[in-house]
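The residues making up each chain are set out below.
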Amino acid sequence: MHRAIPPNLEGLLKKVAQVYELGDYKNYQELKGGLQALNVKVETDKGVYVVKVFSPDTPLKEIETQVKGLTEFKRTMVPVPELIPHSQGMIYTSEDTTPTSLYVTSFFEGQDFTKLEPNSSDLQHIGQYLARIHSLSFPIEPTYDEWGTANLIHEFEKKKDCLTPKDRRVVEPIVQSYSQLKLADFRQSIIHGDLQRQHVLKNKRGEHCVLDLGCMSQASSVIDLAICLAHFSLNPAQEKELIDAYHQERPLEERERAALPLLVQATYATYYIGAYHDIHVTGNTNSTFQHWLEFGRKGLGL
């Protein structure tokens, strides 16, 4: 989970403006978030764009998967940023010094739901977006997400020794119950993997934009719904609104509905284990990890 910061970022962005015919470069601003890639807001005399810059070790197929996801999400009426093409495709790779790959999208002017509280309409739309994503199935490049709820069992086994005895007493029963779900037998689909408050924007006209497909994968659909519920931390009435909207678009199976509370707890556990390990074992002092530690701790009642 490392952001990519090219040594000559401004020079790269000027080249991007030429390649994608975005107009005369004016300035740039690094956007918050995006631990796996660098998101940069670029202004030219023609408009404002977002350049998503990947670290040199990111496989090209992984970037192609995100481009495919943006295309397919848009096709199924999930609002995502508009991809901007250049003469040879969507992805550009700079060969200056270290190869750096990127793609460009439109810029959506709005606020995320860390700054706004979702109303009924927002929750209904978010439920619909998830259901539409889960209607999709296309080949993607598999990636392993250490903080992905689908990987709780493996991450717990790998990192459990760093947890305190109190933490283990809380987390271990969740892992045991999770292991009995046999999620491979549940409905599988494309999942967003990280539909949290930071990754849905809303503008003044009430329009939305879904961001960050870096955790997109093929997995049990219901995991994605649980991840969203955990991150939005809704009250019971709001939770019901979102779930009902999802159900109307893509009816939930009874066992999926029954699994949701456990999968929400599994999401909190996954984040807590990951953040605790990164802080106390890896020694990462980034405030983002502290935020996710508190997120997991609060959700688990630690």
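Residues numbered from 1 in each chain as written. Predicted model: local features only at pLDDT ≥ 70, side-chain atom pairs only at ≥ 80, totals over all residues. Heavy atoms only, no water.

Chemist: Provide a residue-level description of unusual backbone geometry, including the pertinent values.
Modeler: Although it is not a glycine, M77 adopts a positive phi angle of roughly 70 degrees. Mapped onto the fold, M77 is located in the loop between helix 2 (60-75) and strand 4 (83-84). The backbone of S233 shows a phi angle near 45 degrees, a positive value even though the residue is not glycine. Here S233 is to be found in the loop between helix 6 (221-232) and helix 7 (236-249). You can call S233 partly exposed: its relative accessible area is 47%. (Helix = DSSP H or I, 4+ residues; strand = E, 2+ residues; numbered from the N terminus. Buried < 20%, exposed > 50% of the residue type's maximum accessible area, 1.4 Å probe, protein only.)

Chemist: Would you mind going over the pattern of salt bridges in detail, with residue names and values included?
Modeler: All told, the structure shown has 19 salt bridges when counted by the stated rule. A salt bridge links R132 to E249, with the shortest nitrogen-to-oxygen separation between them at 3.0 Å. Of this pair, R132 sits in helix 3 (residues 120-133) while E249 is found in helix 7, placing the two residues 117 residues apart along the sequence. The partner of D161 in a salt bridge is R168, with the nearest N and O atoms 3.7 Å apart. Classification of D161 by relative accessible area gives exposed; the value is 66%. On the basis of relative accessible area, R168 is assigned to the partly exposed category, the value being 24%. Through salt bridges with shared partners, a single network forms among E146, E155, K158 and K159. (Salt bridge = Lys/Arg side-chain N within 4 Å of Asp/Glu carboxyl O.)

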